[in-house]
Amino acid sequence: MSCCVLRKVRDFSNVSRQSLCRQLCTSVAKQEDAKNNALDCPKRNSDIRTMRNQMFIEEKKRQLSLIRRVEKIKVEYTGIPEDCTLQMNKDLSTPYNCAMHMKSNIKTLAALALVNGEVWDMHRPLESDCSLEFLRFRDSEPAQLNRACWRTGSFILGYIFDRALKDENRVDILRFPNNPVVEDGYFCCDIDLGSLNSWQPLQEELTALSIVGTKLIKESATFERLDVDQELALEMFKDNKYKCQQIPDVAKSSVTGSHVTLYKVNDYVDVTTGPLLESTYHLFQFTVTKMFPMTCPVNGKFVRVQGIAMPRALQIHYKAYELLTERAKRIGLQDPYRESVQTSE
């Protein structure tokens with residue numbers, strides 16, 4: 001400290017050593033107080049979002065670094081423009097990469113894939129020799145795509161509220177249906193808005209929220225999937241008490257018994273088993289239709305947000321969409337987390 005003071009005195013000869021030392025000590029004390037206050041104050045939504053995004057990116061890099069040698073796998077594709085066999089890279093190549101090798105615009109039309117008969121994300125790496133098909137919204141059996149569309153809509157609702165409100169208003173995503181019931185006519189997401197849990201927005205405010213989702217759709221933002229250990233997931237979501245309660249059960253129900261599946265769009269990360277659509281390009285219209293307060297013994301007070309979206313491949317007349325929007329404003333009479341009894345929609 002004395003050396004610092006002497007150097008300062010040479011620059012400010014008219015300031016006494018005692019006065020300068022007092023100023024420096026006061027400055028250091030203020031900085032320490034600011035650090036302590038920052039630790040005590042609740043984190044802002046943007047800070048939490050940045051932290052989770054960075055941890056997602058670093059873990060993805062770490063997992064890729066574990067691939068020491070590139071192995072080839074055989075992919076037997078069935079569908080348009082023609083059946084073919086592809087040689088791809090194990091744990092690196094994705095169904096989307098396979099679509100890039102085909103002459104038609106299938107990579108634009110395909111929203112999901114079937115790998116060995118299992119529904120698969122377009123950007124999820126292939127793990128072994130497999131059969132491959134692509135799912136499009138105009139297929140004769142769109143059940144899996146319909147559920148993925150609703151699941152993606154719920155994910156986007158979380159994205160919207162994570163950034164639409166003032167940064168100091170903490171937003172914690174409780175949950176949304178991993179197996180949505182499409183026949184209800186809306187998707188939903190349960191959110192803890194803290195002091196705003198009693199907020200009942202005006203139509204103008206719902207429109208403003210919808211615009212945030214519409215902007216994301218126009219970006220054609222890709223949904224990235226990543227499987228992580230339970231410990232890392234708990235660290236990423238340590239600021240969300242609801243996720244900390246859910247993650248152990250999610251990990252226990254996974255194939256390995258210890259992994260949690262995360263998805264990321266832009267810098268927003270959340271937990272869901274998926275699958276989600278390839279990107280927001282596959283959606284065309286998006287509307288936040290209803291928001292109302294709820295209370296339950298487990299989670300206390302929160303809000304349920306409902307919405308509706310239409311796929312780009314199934315654009316309809318605006319009057320028809322208005323009717324669907326009005327239907328989606330109804331408060332659901334049945335639990336949206338119940339299992340769907342239908343096998344196709």
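Reading the values: rules and limits
Residues numbered from 1 in each chain as written. Predicted model: local features only at pLDDT ≥ 70, side-chain atom pairs only at ≥ 80, totals over all residues. Heavy atoms only, no water. Core = buried A, V, L, I, M, F, W, Y, C linked by side-chain atoms within 4.5 Å. Buried < 20%, exposed > 50% of the residue type's maximum accessible area, 1.4 Å probe, protein only. Helix = DSSP H or I, 4+ residues; strand = E, 2+ residues; numbered from the N terminus. Contact = heavy atoms within 4.5 Å. Pairing = 2+ DSSP bridges. Axes fitted to C-alpha atoms, helices over the stretch in contact; angles between N-to-C directions. 1 Å grid on protein atoms, 1.4 Å probe; cavity = no way out; pocket = protein on both sides within 12 Å on 5 of 7 lines; lining within 4 Å. Points joined across faces, edges and corners; volume = space filled by probe spheres on them. Nonpolar A, V, L, I, M, F, W, Y, C, P; charged D, E, K, R; others polar. Salt bridge = Lys/Arg side-chain N within 4 Å of Asp/Glu carboxyl O.

(A) Summary view of the nonpolar core. Ile 160, Phe 161, Ile 191 and Phe 286 are the most contacted members of the largest nonpolar core, which has 49 residues in total. Take this core: its biggest share by element is 10 residues, from helix α6 (residues 143–164). With residues near it in sequence (within four places) discarded, Ile 160 still touches Leu 209, Val 212, Gly 213, Phe 286 and Val 288. Core analysis: the next-biggest nonpolar cluster, separate from the first, contains 18 residues, Tyr 77, Cys 98, Ala 113 and Trp 120 among them.

(B) Representation of the sheet that holds strand β10 (residues 268–271). Spatially, three strands are ordered β8-β9-β10 in an open sheet, and the strand pairing comes out antiparallel. Each edge of the sheet is formed by a strand with only one pairing partner; in this case those strands are β8 (224–229) and β10. Here the average twist between neighbouring strands, direction ignored, is 30°. Here six bridges tie β8 to strand β9 (residues 259–265), and the two strands are oriented antiparallel to one another. Looking at β9, one finds that Glu 224 is bridged to Lys 264.

(C) Focus on the sheet that holds strand β11 (residues 283–296). The antiparallel open sheet is built from four strands, whose spatial order is β6-β7-β12-β11. If you trace the sheet from one side to the other, it starts and ends with β6 (172–175) and β11, each paired once. Averaged over all neighbouring strand pairs, the angle between strand axes comes to 35°, with direction disregarded. Relative to strand β12 (residues 300–311), β11 runs antiparallel, the two being bridged by 12 bridges. Directly across from Met 291, in β12, lies its bridge partner Val 305. Across the face of the sheet, α6 comes into contact with β6, β7 (187–192), β11 and β12 while running at roughly 30° to β7. Sitting on the sheet, helix α10 (residues 318–328) touches β11 and β12, and the angle it makes with β12 is about 165°.

(D) Spatial organisation of the layout of surface pockets. As a volume, the second largest pocket reaches approximately 270 Å³. Lining the second largest pocket are 15 residues, and of these Asn 146, Trp 150, Val 182, Ala 309 and Met 310 lie nearest its centre. Of all elements in the fold, only α6, β12 and α10 reach the threshold of two or more residues within the lining of the second largest pocket. In terms of residue count, β12 provides more of the lining of the second largest pocket than any other element does, four residues in total. Taken together, the residues of the lining of the second largest pocket break down into 11 nonpolar, two polar and two charged.

(E) Looking closely at the pattern of salt bridges. Taken as a whole and judged by the stated rule, the model has 21 salt bridges. A salt bridge links Arg 136 to Asp 139; its shortest N-O distance comes to 3.3 Å. Across the salt bridge formed by Glu 322 and Lys 319, the nearest N and O atoms sit 3.8 Å from each other. On the criterion of helical spacing, the pair formed by Glu 322 and Lys 319 is a turn pair, its members being three residues apart in helix α10. Taking relative accessible area as the criterion, Glu 322 reaches 39% and is therefore assigned partly exposed. Three or more residues are tied together by salt bridges with common partners; here these are Arg 49, Asp 162, Arg 163 and Asp 267.

(F) Quick look at empty space enclosed by the protein. Evaluated as defined, the whole model comprises three cavities of 30 Å³ or more. Here the largest cavity defines a volume of roughly 140 Å³. Residue lining of the largest cavity: 16 residues in total, with Ile 48, Arg 52, Asp 162, Val 171 and Tyr 268 positioned closest to the centre. Looking at the lining of the largest cavity, the elements with two or more residues in it are α3 (45–65), β6 and β10. Examining the composition of the lining of the largest cavity, we find that four residues originate from one element, α3, more than from any other. Among the residues forming the lining of the largest cavity, the class breakdown is six nonpolar, two polar and eight charged.

(G) Highlighting unusual backbone geometry. The step from Ile 80 to Pro 81 runs through a cis peptide bond, and the omega angle for that step is 0°. If you trace the backbone, Pro 81 turns up in the loop between β1 (72–77) and β2 (84–89). Each neighbour pair has its own omega, and for Gly 274 with Pro 275 the value is -5°, a cis peptide bond. Checked against the element boundaries, Pro 275 lands in the loop between β10 and β11. A positive phi angle, near 65°, is found at Asp 91, a position not held by glycine. Following the sequence through the fold, Asp 91 ends up in the loop between β2 and α4 (95–100).

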